[in-house]
Amino acid sequence: WGTHWILFHWSAPKTGGPVWGYRIERGVENSQFCLMDICVAPEVTLLHQPPGRKFYYRVIAFNGWGDGPPSNTFAIEFDAELVDWRKRQAERTTS
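Residues numbered from 1 in each chain as written. Predicted model: local features only at pLDDT ≥ 70, side-chain atom pairs only at ≥ 80, totals over all residues. Heavy atoms only, no water.

Counting its regular elements, the protein chain contains one helix and seven strands. Along the protein chain, from the amino end to the carboxyl end, the secondary structure elements read β-β-β-β-β-β-β-α. Each of the 95 residues in the protein chain was classed as buried or not, and the buried ones make up 27%. Pairs at least 24 residues apart make up 58% of the contacts formed inside the protein chain by residues separated by at least 6 positions. Counting only carbon and sulfur atoms, one obtains 54% of the accessible surface of the protein chain, whose full area is about 6500 Å². (Helix = DSSP H or I, 4+ residues; strand = E, 2+ residues; numbered from the N terminus. Buried < 20%, exposed > 50% of the residue type's maximum accessible area, 1.4 Å probe, protein only. Contact = heavy atoms within 4.5 Å. Areas by Shrake-Rupley, 256 points an atom, 1.4 Å probe, with all protein chains shown as cover.)

Covered by surrounding structure in strand 4 (residues 43-46) are Val44 and Leu46 only, the residues Glu43 and Thr45 on the alternate face being uncovered. Pairing between strand 1 (residues 6-9) and strand 4: four bridges, direction antiparallel. Considered in strand 4, the bridge of phenylalanine 8 is made with valine 44. (Pairing = 2+ DSSP bridges.)

This brings us to the nonpolar core. Counting 14 residues, the largest nonpolar core has Phe8, Trp10, Tyr22, Ile24, Val44, Leu46 and Tyr57 as its most contacted members. Broken down by secondary-structure element, the contributors of at least two residues to this core are strand 1, strand 2 (21-28), strand 4 and strand 5 (54-63). Element by element, the count of residues in this core is highest for strand 5, at four residues. Filtering out sequence-adjacent residues up to four positions away, leucine 46 remains in contact with His4, Trp5, Ile6, Phe8, Ile24, Met36, Asp37 and Tyr57. (Core = buried A, V, L, I, M, F, W, Y, C linked by side-chain atoms within 4.5 Å.)

Here's what the structure looks like:
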């Protein structure tokens, strides 16, 4: 992850038939999820994520038979101070 973005990568489900695509959802307080993106490969980069707030993410596979169960949910907070610290550390090692 980086400043206001996150890269997701996951494994395709082993049951439920061939996957047509995936929905990536974001929520607050592990509820009230809303659609962030749809993709066909098991990887996506979400840009422009708001800083200073914790969000919960999950992935849902779908095909012609409907939706699979949501993935495990995980939380991340885009902390501007932490990201700035990481940038400073990287600049020190390359100087």
